[in-house]
Amino acid sequence: MSQIITKENFIEAKYDVFKKFHQQLAVITCGSIEDFRCMTIGWGAMGNVWGHPGSAITVYVNPARYTFGYMQEKDYFTVCFFPEEYRNDVMTIGTKSGRDCDKVALTSLTPKALENGVGFEQAELTFVCKKLYGGQFELEKTPEPIRSGIYARFEPHYFYIGSVTDAFGEVK
């Protein structure tokens, strides 16, 4: 049985927020349909912060990513979740850089203009988020296994907390 997701019902919708980023394919976008960047993400969280009305989504972006500059500049971002059949397309978005090519053109994904961003026709669930806060993890405050593991190779990630301003799609 599937459930249609809207701005009005996404908080009460029946989906496992702990599995969305962990087990499903996700892409963030920022910008307008004329000029946007996107990237695959595997780290994220859904919840509430500061008693803000509605809900919030937190995403994590490494500053080496081409999308990072837009995440710093733009007020909105989208989080799009895709069904398994688009795995290869989402992996292409995650392994190619927009610095080097039009990576969306290498996929079967179709970007679509949203009121405050860009989504994809093929996404089964999309959240539009207005940035509330962002910052960078402090290397000296991360656990040692993370410091000597992930951050031995990369600069620490930035996190962006966004208030969900719109949501649409279908959960099966």
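In this text the structure is predicted, and so the values were computed from the model without any measurement.

On to the pattern of salt bridges, then. Applying the stated rule across the entire model yields three salt bridges. Among the ionic pairs, glutamate 138 bridges to lysine 141, the shortest N-O distance being 3.5 Å. Judged by its relative accessible area of 64%, lysine 141 falls in the exposed class. Glutamate 144 is paired through a salt bridge with arginine 147; the nearest N and O atoms lie 3.0 Å apart. Of the two residues, glutamate 144 and arginine 147 both sit in helix H4 (residues 144–148), three residues apart, roughly one turn of that helix. Classification of glutamate 144 as partly exposed rests on a relative accessible area of 41%.

With that settled, consider the environment of lysine 172. Among the structural elements, lysine 172 can be located in the segment after strand E10 (158–171). Judged by its relative accessible area of 76%, lysine 172 falls in the exposed class. Along the primary structure lysine 172 and methionine 1 are separated by 171 residues, whereas in three dimensions their C-alpha atoms are 6.0 Å apart. If sequence neighbours within four positions are ignored, lysine 172 has contacts with Met1 and Ser2.

Successive side chains on a regular strand alternate, one facing one side of the sheet and the next facing the other. One ladder, built from three bridges, connects strand E1 (residues 3–5) with E10; its direction is antiparallel. Bridge pairing links isoleucine 4 to glutamate 170 in E10. Note: strand E5 (residues 56–61) against E10, six bridges, orientation antiparallel. The partner of valine 59 across the bridge, within E10, is tyrosine 160. Bridge count between strand E9 (residues 125–136) and E10: eleven bridges; the pairing is antiparallel. Residue pairing in the sheet places lysine 130 in a bridge with serine 163 of E10.

Parameters and conventions
- Residues numbered from 1 in each chain as written.
- Predicted model: local features only at pLDDT ≥ 70, side-chain atom pairs only at ≥ 80, totals over all residues.
- Heavy atoms only, no water.
- Salt bridge = Lys/Arg side-chain N within 4 Å of Asp/Glu carboxyl O.
- Buried < 20%, exposed > 50% of the residue type's maximum accessible area, 1.4 Å probe, protein only.
- Helix = DSSP H or I, 4+ residues; strand = E, 2+ residues; numbered from the N terminus.
- Contact = heavy atoms within 4.5 Å.
- Pairing = 2+ DSSP bridges.

Without other data, these values stay purely geometric and don't point to any function.
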